[in-house]
Amino acid sequence: MDFSAKMLRDDALEGKTIVVTGGGSGLGKSMTKYFLELGANVAITSRDIDKLKATASELQSETGGNCLAVACDVRHYEQVEVMLKTVLDSFGRVDVLLNNAAGNFISPTERLSANAFDTIIDIVLKGSKNCTLAFGKHWIDAKQQSAVVLNIVTTYAWTGSAYVVPSATAKAGVLAMTRSLAVEWAKYGIRTNAIAPGPFPTKGAWDRLLPGDLKDKFDLAKKVPLKRVGDHQELANLAAYLVSDFSGYVNGEVITLDGGEWLKGAGQFNLLEAIPEEMWDMLEAMIKAKKA
Ligand code: HXC
Ligand code: NAP
């Protein structure tokens, strides 16, 4: 079986309306495409309306689905409220919020201005909070029977990571919000989950995290036990499952999709991977000799 094949049945998201923040590019665009193929109406939002309109018309003609472009800077709560109203006016309802929008770049932390740090916190943590709060209030007021919040985090939300400290700080907050609301809002029929992707090449991330020849110097595939980066369809398959009714009993979970990358960095003796096969006979003999 090809790991980049499409996983769910064709009508898996029929009748659902999904909002994807940051849906005009990268992983948000890939997930949007699959949601449309599975029958959902999708609203894609970000700051750049021209990019969103181009993406929406490209995906509509490729999938035959219904994709709406709505400008919204998630840092501003009032823009999020207007975006939600626009989606409701167009589609009549909303079932899923996918908090995917993010900002990030590598930098030694001491080089950051206060505004640089705030910029990332505001997009990732405040932006996810703004959308979640506005959508949650709407679902609770409307007494909607079921709804889903899906947050895209990272594996360094729990390990932390040097050189992307604002992003790590913000994603950790989003993860805490995921687990907290999974319990608090379950009584309203709102499920809250997260995905922590490993390396999935996108222009947005690679330009800011591996600029210039860093791409060649730090081949991220080599850090992954499975020796490859992720395929966008693999993420889209998981996201589609988590926003569908098939995952109706999954709540408060963060699913890691990274080929084992973060655990490779964590295990104390994982560095023994570097020992060639033929050395193990000798090492075993040395260890057993100690017993004698
Ligand atoms: C230091 C920097 C900087 C850099 C910007 N700043 N880039 N400081 N090093 N490389 C500072 C600026 O000088 C300014 O501070 C402040 O940050 C805000 O910058 P602006 O350009 O004014 O902000 P804005 O136009 O809002 O753009 C936000 C952005 C930009 C985050 C800086 O990169 C962006 O639009 N990103 C969106 C897409 C994105 O980042 N995608 C990648 C997601 S990848 P001063 O003090 O000068 O005003 C991801 C993956 C994680 O999250 C895991 C991968 C494996
Ligand atoms: P991307 O293409 O740069 O996506 C980020 C999106 O966020 C863009 O479409 C951007 O659109 C939008 N955005 C940024 N600031 C915004 C704001 N203030 N308001 C609204 N939208 C805003 O990068 P990506 O790699 O696909 O990242 C998508 C998600 O995956 C992010 O949450 C990222 O942290 C996560 N992730 C990615 C990887 C990876 O390997 N690629 C790994 C782990 C996690 P505009 O510029 O038009 O606003």
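Not measured: the values here are computed from a predicted model.

The rules we used
Residues numbered from 1 in each chain as written. Chains lettered and ligands numbered in written order. Predicted model: local features only at pLDDT ≥ 70, side-chain atom pairs only at ≥ 80, totals over all residues. Heavy atoms only, no water. Helix = DSSP H or I, 4+ residues; strand = E, 2+ residues; numbered from the N terminus. Rg over C-alpha atoms; globule rule 2.2 N^0.38 Å. Buried < 20%, exposed > 50% of the residue type's maximum accessible area, 1.4 Å probe, protein only. Contact = heavy atoms within 4.5 Å. Areas by Shrake-Rupley, 256 points an atom, 1.4 Å probe, with all protein chains shown as cover. Near = heavy atom within 4 Å. Polar contact = N/O pair within 3.5 Å; in protein donor to acceptor, adjacent residues only side chain to side chain. Nonpolar A, V, L, I, M, F, W, Y, C, P; charged D, E, K, R; others polar. Patch = residues over 30% accessible without salt bridge, like charges linked within 9 Å, V, L, I, M, F, W, Y side chains within 5 Å. Salt bridge = Lys/Arg side-chain N within 4 Å of Asp/Glu carboxyl O. Axes fitted to C-alpha atoms, helices over the stretch in contact; angles between N-to-C directions. Left-handed = near helix turned anticlockwise from the far one by under 90°. Core = buried A, V, L, I, M, F, W, Y, C linked by side-chain atoms within 4.5 Å.

1. Topic: the overall build of the protein
Helix and strand counts for the protein come out as 11 helices and 7 strands. In terms of overall size, the protein behaves like a compact globule, its C-alpha atoms giving a radius of gyration of 21 Å where 292 residues would be expected to give roughly 19 Å. Overall size of the protein, expressed as C-alpha extent along the three principal axes, is 80 × 45 × 40 Å. Of all 292 residues assigned to the protein, the portion counted as buried reaches 43%. Of the contacts made within the protein by residues no fewer than 6 positions apart, 76% connect residues no fewer than 24 positions apart. For the protein, the exposed surface amounts to about 15,000 Å²; the carbon and sulfur share of it is 56%.

2. Looking at the environment of L97
Inspection of the secondary structure assignment puts L97 in strand β4 (residues 96-99). Classification of L97 by relative accessible area gives buried; the value is 0%. For the pair L97 and K227, spaced 130 residues apart in sequence, the C-alpha to C-alpha distance is 32 Å. Excluding residues that lie within four positions of it along the chain, L97 makes contacts with V19, T21, C131, T132, F135, W139, V148, V149 and L150.

3. Observations concerning the site of ligand 2
With respect to spatial proximity, 28 residues lie near ligand 2, and among them S25, S46, R47, N100 and T202 are the closest. Within the backbone of G198, one N or O atom sits 3.4 Å away from an oxygen atom of ligand 2. Burial of ligand 2 by the surrounding chains reaches 90%, relative to a free accessible area of 880 Å². Listed by contribution, the elements that provide at least two residues to the shell around ligand 2 are α1 (26-37) and α7 (203-209). In terms of residue count, the dominant contributor to the shell around ligand 2 is α7 (3 residues). Its residues assigned to classes, the shell around ligand 2 shows 13 nonpolar, 9 polar and 6 charged.

4. Focus on the site of ligand 1
Around ligand 1 there are 17 residues in total, and R47, N104, S113, N115 and R208 lie nearest to it. In this structure, an oxygen atom belonging to ligand 1 sits 2.8 Å away from a side-chain N or O atom of N115. Contact with the protein chains removes 59% of the 1,100 Å² of surface that ligand 1 exposes when unbound. If you list the elements that add at least two residues to the shell around ligand 1, you get α4 (114-141) and α7. Split by residue class, the shell around ligand 1 holds 7 nonpolar, 7 polar and 3 charged.

5. Some words on the side chain of T155
By the element assignment, T155 lies in the loop between β5 (147-152) and α5 (156-159). Not counting the four nearest positions on each side in its chain, T155 is found in contact with A196, P197, T256, D258, E261 and W262.

6. As for a nonpolar patch on the surface
Taken together, the side chains of F269, L271, L272 and W280 make up a nonpolar region of the molecular surface, amounting to roughly 440 Å² of accessible area. Following the sequence through the fold, W280 ends up in helix α11 (residues 279-291).

7. Some points on the pattern of salt bridges
This structure, assessed with the given rule, holds 13 salt bridges. Between E62 and K33 there is a salt bridge; the shortest N-O distance is 3.3 Å. Pair noted here: E62 is in helix α2 (residues 49-63) and K33 is in helix α1, with a separation of 29 residues, a long-range link. K33 sits in the partly exposed class, given a relative accessible area of 29%. For E261, the salt bridge identified is with K223, shortest N-O distance 3.2 Å. Of the two residues, E261 sits in helix α10 (residues 261-266) while K223 sits in the loop between α8 (214-217) and α9 (232-243), which places them 38 residues apart along the sequence.

8. Remarks on the packing of α1 against α2
Their axes nearest at 10 Å, the elements α1 and α2 cross at an angle of 35°. Here α1 and α2 pass one another in a crossing that is right-handed. Facing α1, whose interface residues are K29, T32, K33, L36 and E37, α2 presents T55, E58, L59, E62 and T63. Residue composition of the contact of α1 with α2, grouped by class: 2 nonpolar, 3 polar and 5 charged.

9. Some details on the nonpolar core
Nonpolar side chains tend toward joint burial in soluble globular proteins. Among the nonpolar cores identified, the biggest contains 34 residues, and L13, I18, M31, F35, I195 and V243 are the most heavily contacted of them. Looking at this core, the elements that each hand over two or more residues are β1 (17-21), α1, β2 (41-46), α2, β3 (66-71), β4, β5 and α9. When residues of this core are assigned to their parent elements, the largest contribution, 7 residues, is made by α9. Beyond its immediate stretch of four places on either side in the chain, L13 contacts I18, F35, L38, G39, A40, A240, V243 and S244.

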